[in-house]
Structures are given as C-alpha cells and as structure tokens.
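Coordinate inspection notes
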Amino acid sequence: MIIDEGIVFRHAAEKDAGTLVALYDAAARWMRASGIDQWKPGEKDAAHFTARMRDGEVWIAADADGRVAGAYELWWCDEEAWGVQPPVAGYVHRLMVERETAPAGTGRRMLEHAERRIARTGRERARLDCLSTNPRLLAYYQGAGYRVVGEFPHKEGTDGRVYGVILLEKRLDQLTLV
C-alpha cells in the first residue's frame, strides 16, 4: 500500500473486479452524458480486469476513509497501438475516477503514481493514448506534461469498430522518485 497526499494506492485483487466494472461503467456513463464517445457501459467485464491483473498491473486509489476514488491499468507493452517497442515505457490505460466522491485532483494523482511506478522499474517513458475525437482528454494529458508523438488512425475495438487514437508520451528521466 502506498499513501500519496491522502490517497491510498494498492494493487487490485480478483475480489475487486466487480468494483472495477462498476467504476468503468460509471465513467462510461459520465462520458456519454458529457458528449464524449469513448467508453460504453458494459464494455469491460470482470474477466477483463482479472486478465489485466495477470498480464500487468491494476491499481486502485482510495480516499483516507477507504472509499474507492479511482483506478487505472498499467501495462508493460501495448503492441496493438504502439507496435513492437523496446522495453523503455509503461502504458497507462483506463484511468477511471469516481466522480461523485473522489477528492479533487485524483486523476492527476493517479497519473503521477503510474509515472513513479514506471520510473522505479528503470523505464524512462510513460505512454498512453486517447481517442482522436476527444480534444478534452487530449488537453488534460498535455496539461499533465504528455506530448503527442504520433497517431494510430486504424485501431480496432473488441466490437469491430475502427477508430483513431493519438499517442502521447512523457519522459520520466527528470522525475523525482519519492
């Protein structure tokens, strides 16, 4: 467990899969209500999150009272969007914030946690992607220090839908590991 300015980070366990599904679905509903066509409620199930726990890392952020404030996935490769790459980066996926109860700044705290986690492995870059049609999220990531390094215009979703993603990266070699 890692405590970061009032947010407690812990690895997700299989028993958390239902919580992660609920968090994802709530985030997807918020996106839809906000006019953001990115995630769909019901698109990720418990099996998805359990598989991510086996293949990478899933982190849960909770407030000081133990209420889930958010979660994210950390992968060690992402060939689908980035192609075959040398092992110099960690890939942040599904950054989800519980909008009703999370303390202000939880999303940024989770990104910083992911960046420190990646840097501790000796990797020098944090990478992520967002839909090409989501300028609000792109601006959020750029405000967190990520820069656009490319675009993958033909990513295919599990439903067969083809969409474009913008590839973003942040160098971590200046990061202070606390």
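Numbering of residues starts from 1 in each chain and follows the order in which that chain's sequence is written. This being a predicted model, a pLDDT of at least 70 is required before a residue's local features are given, and a value of 80 or more before pairs of side-chain atoms are given or counted; all residues contribute to the totals for chains, interfaces and linings. To get the side-chain values, take all heavy atoms of the structure and skip hydrogens and water.

1. Topic: the environment of Glu-98
Filter applied, for reference: Helix and strand assignments come from DSSP, with helices taken as H or I runs of at least 4 residues and strands as E runs of at least 2, each series counted from the N terminus. Working rule for contacts: check all heavy atoms of both residues, and any pair within 4.5 Å makes them a contact.
Mapped onto the secondary structure, Glu-98 falls in the loop between β5 (89–97) and α4 (106–120). Along the sequence, Glu-98 and Tyr-24 sit 74 residues apart, while their C-alpha atoms lie 9.0 Å from each other. Glu-98 has contacts with Leu-23, Val-68, Ala-69 and Gly-70, leaving out every residue within four places of it along the chain.

2. A word on the nonpolar core
Put simply, the rule reads: As used here, the term nonpolar core means buried Ala, Val, Leu, Ile, Met, Phe, Trp, Tyr and Cys residues forming a set that is joined through side-chain atoms within 4.5 Å. Relative accessible area decides the class of each residue, using a 1.4 Å probe on protein chains only: under 20% of the type maximum gives buried, over 50% gives exposed, and in between gives partly exposed.
With 24 residues, the main nonpolar core has Tyr-72, Val-92, Leu-111, Leu-128, Tyr-141, Tyr-146 and Leu-168 as its most contacted residues. Among the elements that line this core, the one with the most residues is α4, at 5 residues. Setting aside chain neighbours within four positions, we find Tyr-141 in contact with Leu-95, Leu-111, Leu-128, Cys-130, Tyr-146 and Leu-168.

3. So, unusual backbone geometry
Positive phi, close to 50°, is recorded for Arg-94, a residue that is not glycine. Within the element layout of this structure, Arg-94 appears in strand β5. Look at Arg-94 and you get buried, because its relative accessible area is 14%.

4. Looking at the packing of aromatic side chains
The following threshold applies: Only Phe, Tyr and Trp rings take part, Trp by its six-membered ring, and two of them pair if their centres are within 6.5 Å. Stacked means planes under 30 degrees apart, edge-to-face means over 60, and tilted covers everything else. Only when the NZ atom of a Lys or the CZ atom of an Arg is both within 6 Å of the ring centre and within 35 degrees of the ring normal do we say a charge sits over the ring.
Here the structure, examined in full by the defined rule, presents 5 aromatic pairs. For the ring pair Tyr-24 and Trp-39, a centre distance of 4.7 Å and an interplane angle of 20° mean the geometry is stacked. Taken together, the residues Tyr-24 in helix α1 (residues 17–33) and Trp-39 in the loop between α1 and α2 (46–55) connect sequence positions 15 residues apart. Under the relative-accessibility criterion, Tyr-24 is labelled buried at 0%. Take Trp-39: its relative accessible area is 10%, and that puts it in the buried class. Ring geometry for Tyr-141 versus Tyr-146: centroids 6.2 Å apart, planes at 65°, classification edge-to-face. There is no split in this pair, since Tyr-141 and Tyr-146 are both buried. Through pairs of rings, three or more aromatic residues link up here, namely Tyr-24, Trp-39 and Phe-49. Over the ring of Trp-75 we find Arg-52, and its NZ or CZ is 5.3 Å from the ring centre. Positioned above the aromatic ring of Trp-30, the side-chain terminus of Arg-99 is 3.6 Å from the ring centre.

5. Thoughts on α2
Turning to α2, its buried residues number three or more, namely His-48, Phe-49, Thr-50, Ala-51, Arg-52 and Met-53. Where α2 is buried, its residues meet α1, β3 (57–62), β4 (68–75) and β5.

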